[in-house]
Amino acid sequence: MKKESNAPFNPCTKIVLLFLCIIISSLLSSIELELIFVFIIALFCIINKKTKFALKGFLIYLVVYFVSILTVQYGSNTLRSLLMPFLGLVHKVYPVCMFSMLILSTTKVGEFLSAMGYAGVSKKITIPLAVMLRYIPTVREDWRYIKDSMYLRGISPSFFGFIKNPALTIECIYSPMIIMASKAADELTIASITRGIESPKKRTSIIEIRFDFHDVFALIAGVLITVLVIYRRFFL
Amino acid sequence: MIELKGINFTYKNAKNNSLNNIDLEIKKGEFVLISGASGSGKTSITRVINKLIPYYYEGELEGTAKINNDLVSSYQMFELSEIVGSVFQNPRTQFFNVDTNSEIVFGLENQGIPRDILKKRLKETCETLDINKLQNRNIFHLSGGEKQKIAFASVYAMNPDIYLLDEPSSNLDIPTIEVLKRHLSVLKNSGKTVIISEHRIYYLMDLVDKVIYMKNGQIQKSYSKEDFLNLSEDEIKAMALRCRKKTKLNIEMSNNEKHPYLQVSDFSIYRKDNCIINNMNFSANKGDIVAVIGSNGVGKTTFLRTLCGLHDDYKGDVLLNSKKTNAKKRRQKTYMVMQDVNYQLFAESVFAECKLGIENASDALIEEILNEFDLSDYKNNHPNTLSGGQKQRLAIAVGLICNKEIFVLDEPTSGLDYTNMVKTVELLKRYSKDKIIFIATHDTEFANLICNRVLDLENRWKGEL
């Protein structure tokens, strides 16, 4: 774990943990427990050397948490009925989103493919997933260019610009995004099939993919938390 | 080695044949250049050889294609990938990994080669191609030239017998083209078969054995190296091909700077705490067409973005008409045609595109400019259905309709053939009188035709060359 700075956990471990994360967050009954759960995810982010991301993620959640509490305690009926469904959704989705973002930012595409190969998952499932995994960082690049080109036309890509003219803003973001996405998907697919991604041989990897003690430990911790949550929910 | 016989191909949903009765034989170890205008079928030929036609690009394919006496169709895609290596035009998305090391060995990993051999191949590849500096880097932080080197390396690591390259030089500066040339000669010397489709052909003249000239999907003629080099300049122009010799930058500098319209003083640009441009001073007048030159990754695009008010991290002053400007002010005065114009086409038709976000764009002016740009026949079409050259002309036309005083083009010639290049030059010249035009380019042939001044970002502003 000390040697490999980037990838301390096996991609399979991370995916199993993601599934557990979905189960847990759908079963949690109070927002205090959610807060604890987000805190645990933040700790896991720190173990993965994403301290900044962990802090940011936890602080944003803290804000959402207090806004929820204040709305419940002091908000008028209208405010409550306006905000609660939205906040409820945020609470349910937040831990899973945070965890998925962690996985996306710490997993290399090649590493993911090889790990899935070792786990015996079919290429029919893993290749599209890998293309997706690879496509997400290009969106950020695309967005930068699109922002520039909107400014050049005198259209503001900010939130204020969106309020002023929502249809135009959406059109300007939507059409280049879609066109670039279909182009990128084509090019990524071609780049991978011309280099033999469909080969039935077992894929190797230059990055050592190990299943170590800390993977076992993380999985046990994940399963324990899940069992605890299930027990609390159904048997108490 | 490669044998194409009676190949006809029509892309699905296309009206016309892309390839028309192609007969071609390529021997082992031959170095073949496929030349011709955009849309002449150069890329389609390479796709028949690497089986992307019909495996990925569907359509009607007739005729037989053989590699090593076996039908291409009898190979599985992954089997073929061990024999034929393909390097593509756009280096941005031909990567499947985000780090360079994994990318270089990606093909080998797919073949299931054990880790110690992967490491050995990685080391060998980086040493032979002299790219040790690029190991362990994030692909998103590489310049266009560096990306192209990695793309080449990842194919080289697989050690195929046949290399297919589709316009590999289109985003490269001149020193990087020299590197590409050196890499290609490594292939030639080790007896590999190389097939390369390209507009900029000068750097291949020492290497080629055979030049194929294509027009309208047909092989018009096949030349030996000697025959091709013996063609006269006029014949090359008539074929609409680019120069066969390396062109030197040769621009007559005009100087009328008594009352410059644009003045840039003590200008420094930063990107993530790195100083890209340090203390630059220059001025320009309306009517000037300025070539912005400098190698890949030196910061040409960032410079242009700062000039257009899209990048805020700078020190110094930009004066327009002797008045200081801030970023917001400059955004109103400038327009940029980006390297990839797909980002700036938004609307559902060409005509609507010309009106989008532009105040007081009169229909008459739009009609006139579209007519000048040969786009009036397409005015109700969706911009995405246009060809690359047409899209670029549309982006330029939109800029002219905006009628901004400073007009900026970021590498407008990448992927343009001779005819399109000349057309772009003529149009820009016609509208340059009341504007200052900046063009970032690696293309000396293009710069010589159009620019009257040079801004060299590496040697600072030079009055003359």
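Everything numeric in this text was worked out from a predicted model, so none of it was measured.

The subject of this paragraph is the overall build of chain A. When you go through chain A residue by residue, the secondary structure sums to nine helices and zero strands. Starting at the N terminus and ending at the C terminus, chain A contains elements arranged as α-α-α-α-α-α-α-α-α. Projected onto its principal axes, the C-alpha coordinates of chain A cover approximately 65 × 60 × 30 Å. By the burial criterion, 30% of the 236 residues in chain A qualify as buried. A separation of at least 24 residues holds for 74% of the contacts in chain A among residues at least 6 apart in sequence.

Residues and elements named next belong to chain B. Sheet architecture is open: four strands sit in the order 2-1-4-5, paired in antiparallel fashion. Both edges of this open sheet fall to strand 2 (19-26) and strand 5 (70-71), since each of them pairs with a single strand only. The pairing of strand 4 (residues 59-67) with strand 5 spans two bridges and is antiparallel. Its bridge partner being in strand 5, Lys-66 is matched across the sheet by Leu-71. Along the sheet, helix 1 (residues 42-49) contacts strand 1 (2-11), strand 2 and strand 4; its crossing angle with strand 1, the most-contacted strand, is approximately 120 degrees.

Residues and elements named next belong to chain A. The contact between helix 6 (residues 123-152) and helix 8 (residues 166-193) brings their axes to 10 Å, and the two run at 140 degrees. Once helix 6 is placed against helix 8, the crossing between them reads as right-handed. For the pair formed by helix 6 and helix 8, the contact residues are Val-131, Arg-134, Tyr-135, Thr-138, Asp-142, Ile-146 and Met-150 on the first element and Cys-172, Ile-173, Pro-176, Met-177, Met-180, Ala-184, Ala-185, Leu-188 and Thr-189 on the second. Across the contact of helix 6 with helix 8, the residue classes break down as 12 nonpolar, two polar and two charged.

Before going further, it helps to spend a moment on helix 8 of chain A. Spacing of three or four residues puts side chains on the same side of an α-helix, whose turn is 3.6 residues. Here helix 8 of chain A contains 28 residues, and its C-alpha end-to-end distance of 40 Å stays within 8% of the 40 Å for a straight helix at 1.5 Å per residue. Buried residues in helix 8 of chain A make contact with helix 6 of chain A together with helix 2 (52-55) and helix 3 (77-80) of chain B.

This paragraph deals with the interface of chain B and chain A. Listed per partner, the contact involves 49 residues of chain B and 43 residues of chain A. Elements with a contribution of two residues or more to the side of chain B that touches chain A: helix 3, helix 4 (100-104), helix 5 (106-110), helix 6 (115-128) and strand 16 (334-337) of chain B. The class makeup of the residues in the side of chain B that touches chain A is 25 nonpolar, 17 polar and seven charged.

What follows deals with the domain arrangement of chain A. All names here are of chain A. The assigned domain composition of chain A is domain 1 (1-108 + 208-236) and domain 2 (109-206). Using C-alpha coordinates to define each centre, domain 1 is positioned 25 Å away from domain 2. On the side of domain 2, 11 residues touch domain 1, which itself brings eight residues to the contact.

This part takes up the domain arrangement of chain B. Residue and element names in this part refer to chain B. Structurally, chain B comprises domain 1 (2-238) and domain 2 (262-456). For domain 1 and domain 2, the distance between their C-alpha centroids amounts to 31 Å. Those elements giving two or more residues to the side of domain 1 that touches domain 2 turn out to be helix 7 (144-156) and helix 8 (174-189).

Summarising the model, chain A shows a mean pLDDT of 86, and 97% of its residues fall at 70 or more. Contacts for the low-pLDDT stretch residues 1-6 of chain A, under 50 throughout, to residues beyond four places or in other chains number three contacts.

Right, let's get into unusual backbone geometry. All names here are of chain B. In this structure, the amide linkage connecting Ile-53 to the following residue, Pro-54, adopts the cis form with an omega of 5 degrees. In this structure, Pro-54 sits in helix 2. Here Asn-216, not a glycine, exhibits a phi torsion of approximately 45 degrees, which is positive.

All names here are of chain B. When strand 1 meets strand 4, the two strands line up antiparallel, connected through eight bridges. Looking across to strand 4, one finds that Asn-8 is bridged to Glu-62. Note: strand 1 against strand 2, five bridges, orientation antiparallel. Bridge pairing links Phe-9 to Leu-19 in strand 2.

Attention shifts here to the pairing of strand 11 (residues 262-271) of chain B. Residues and elements named next belong to chain B. Across seven bridges, strand 11 lies against strand 12 (residues 274-284) in antiparallel orientation. Paired with Gln-263 across the bridge in strand 12 is Ser-283. Taking the residues between adjacent antiparallel strands as the criterion, strand 11 and strand 12 are bridged by two residues, where Lys-272 takes a positive phi near 45 degrees. As defined by bridge partners, strand 11 adjoins strand 14 (residues 314-320) across six bridges and the pair is classed as antiparallel. Bridge pairing in strand 14 links Ser-268 to Lys-315.

Here we take up the environment of B:Phe106. Secondary-structure assignment places B:Phe106 in helix 5. On a C-alpha basis, the gap between B:Phe106 and B:Val155 in space is 9.1 Å, while along the polypeptide they are 49 residues apart. With sequence-adjacent residues up to four places away left out, B:Phe106 is seen in contact with A:Gly110, A:Arg195, B:Phe96, B:Asn97 and B:Ser154.

The rules behind these values
- Residues numbered from 1 in each chain as written.
- Chains lettered and ligands numbered in written order.
- Predicted model: local features only at pLDDT ≥ 70, side-chain atom pairs only at ≥ 80, totals over all residues.
- Helix = DSSP H or I, 4+ residues; strand = E, 2+ residues; numbered from the N terminus.
- Buried ≥ 20, exposed ≤ 12 C-beta atoms within 10 Å, placed from the backbone.
- Contact = placed C-beta atoms within 7 Å.
- Pairing = 2+ DSSP bridges.
- Axes fitted to C-alpha atoms, helices over the stretch in contact; angles between N-to-C directions.
- Left-handed = near helix turned anticlockwise from the far one by under 90°.
- Nonpolar A, V, L, I, M, F, W, Y, C, P; charged D, E, K, R; others polar.
- Expected span 1.5 Å × (residues − 1).
- Domains from an automatic or database assignment.
- pLDDT = per-residue confidence, 0-100.

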